[in-house]
Amino acid sequence: MAKDSYLVGLIGAGIGPSLSPALHEREADRQGLRYLYRLIDIDVLGVGPEAVGDLLRSARDTGFDGLNITHPCKQLVIEHLDALSPQAEALGAVNTVVFEDGRAIGHNTDVTGFAASFARGLPDVPLEKVVQLGAGGAGAAVAHATLTLGAERVTVVDALADRAAGLAASLNRHFGEGRAAHATPDRLPELLASADGIVHATPTGMAAHPGLPFAAELLHPGLWVAEVVYRPLETELLRTARAVGCATLDGGGMAVFQAVDAFRLFTGREPDRVRMLADIAEMAGVVESSAG
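Cut-off values and rules
- Numbering of residues begins from 1 in every chain and follows the order in which that chain's sequence is written.
- Totals for whole chains, interfaces and linings use all residues, but because this is a predicted model, local features are given only for residues with pLDDT of at least 70 and pairs of side-chain atoms are given and counted only at 80 or more.
- Hydrogens and waters are ignored; side-chain quantities use all the structure's heavy atoms.
- Each helix corresponds to a stretch of at least 4 residues labelled H or I by DSSP, and each strand to a stretch of at least 2 residues labelled E; elements are numbered beginning at the N terminus.
- In a helix, the anticipated span is given by 1.5 Å times the number of residues less one.
- Exposed residues in this analysis have more than 50% of their type's maximum accessible area, buried residues have under 20%, and partly exposed residues fall in between, with area computed by a 1.4 Å probe over protein chains only.
- At least two DSSP bridges between two strands are required for those strands to pair.
- By the convention used here, residues are in contact when the closest approach between their heavy atoms is within 4.5 Å.
- Angles run from 0 to 180 degrees between N-to-C directions of axes, and those axes are lines fitted to C-alpha atoms, restricted for helices to the stretch in contact.
- Per residue, pLDDT measures the predictor's confidence, with a range of 0 to 100.
- Among buried residues, those of type Ala, Val, Leu, Ile, Met, Phe, Trp, Tyr and Cys that are joined through side-chain atoms within 4.5 Å constitute a nonpolar core.

A. Structural detail: helix H6 (residues 137-148). Taking 1.5 Å of rise per residue, the 12 residues of H6 would be expected to cover 16 Å, and the 17 Å separating its terminal C-alpha atoms lies within 8% of that figure. Within H6, 9 of the 12 residues are buried, which leaves it mostly tucked inside the rest of the structure. Among the residues making up H6, those that are buried are Gly139, Ala140, Ala141, Val142, Ala143, His144, Ala145, Thr146 and Leu147. Just downstream of H6 lies Gly150, where phi reads positive at about 110°.

B. Expanded view of the sheet that holds strand S8 (residues 153-157). Spatially, the 6 strands line up as an open sheet ordered S9-S8-S7-S10-S11-S12, and their pairing is parallel. The open sheet terminates on both sides in strands that have one partner only, identified here as strand S9 (180-183) and strand S12 (248-249). Contacts between helix H7 (residues 161-175) and the sheet are confined to strand S7 (129-133), S8 and S9, with S9 contributing the most and set at about 175° to the helix.

C. Molecular detail of the confidence of the model for the protein chain. Per-chain confidence: the protein chain averages 94 in pLDDT, with 97% of residues scoring 70 or above. Low pLDDT, under 50, characterises residues 288-292; the stretch is placed with 3 contacts to residues that sit more than four places away or in other chains.

D. Geometry of the environment of Leu218. Checked against the element boundaries, Leu218 lands in the loop between strand S10 (197-200) and strand S11 (224-227). For the pair formed by Leu218 and Ala181, sequence separation is 37 residues and the distance between their alpha carbons is 20 Å.

E. Spotlight on the environment of Ala51. In this structure, Ala51 sits in the loop between helix H2 (42-45) and helix H3 (52-61). Expressed as a C-alpha distance, the spacing of Ala51 and Ala215, which sit 164 residues apart in the sequence, is 40 Å.

F. Main features of the nonpolar core. Of all hydrophobic cores here, the largest spans 32 residues; its most connected members are Phe114, Phe118, Trp224 and Ala226. Elements that contribute at least two residues to this core include exactly helix H5 (109-121), H6, S8, H7 and S11. Ranked by the residues each element gives to this core, the list is headed by H6, at 6 residues.

Here's what the structure looks like:
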């Protein structure tokens, strides 16, 4: 029999502004569930990311149903889990842990979240040559998602050359040789000139990191632009790209759809994606107007 009461949480650093508690709790309220979403902020607790194992055990022992995991704990949590979903195993990163019969099972809903958002927001764009800027945690997830969606080739660009090369090698192992390449930012002009689209997966454009991740003149109408940043929903990159005539996708869909998948894993119930998309538009809008 399905429960009607849930205790879940988020482990990460500097997570005070997270919209996850409100996203989950609003949907739970509409479904008539008692649902408490707690923030477990390692900065507030004064512990390092390596404490994730102890925090995980404490949450399981005190009756949590599951946890979301964010930066900088998505890789470190893996050694403390009993099993991984195929997606989490392929990615080497976990953002959702479900406690089932005393076992901790790791999942990654960033991959499925970006894929669902992309399929909904940019359904018919060409995917032969995709450039991705950013090879960090979010970058690994969206690169996996982009190749899963059928991209022929993704070129990963990062200021840290080793990080870009490592992600490209991992993608080629998983999807087949030649599906991924890597490059340094100085090659963006030539790469974007012939690309079908760009996925932006760096913090540039967030409220704390305003600006463009590359020169505006590299954008052209034949390019689609997908953003991972969702606060603000309209980043300077998206605003500039739309003005040039690019098809665009904001980061709100990924934030919602990863939460949709996590909510389903925690509760076994189907959340309403449309209502949750309206929630994030409202919440991100409130954040922007209060910050503006």
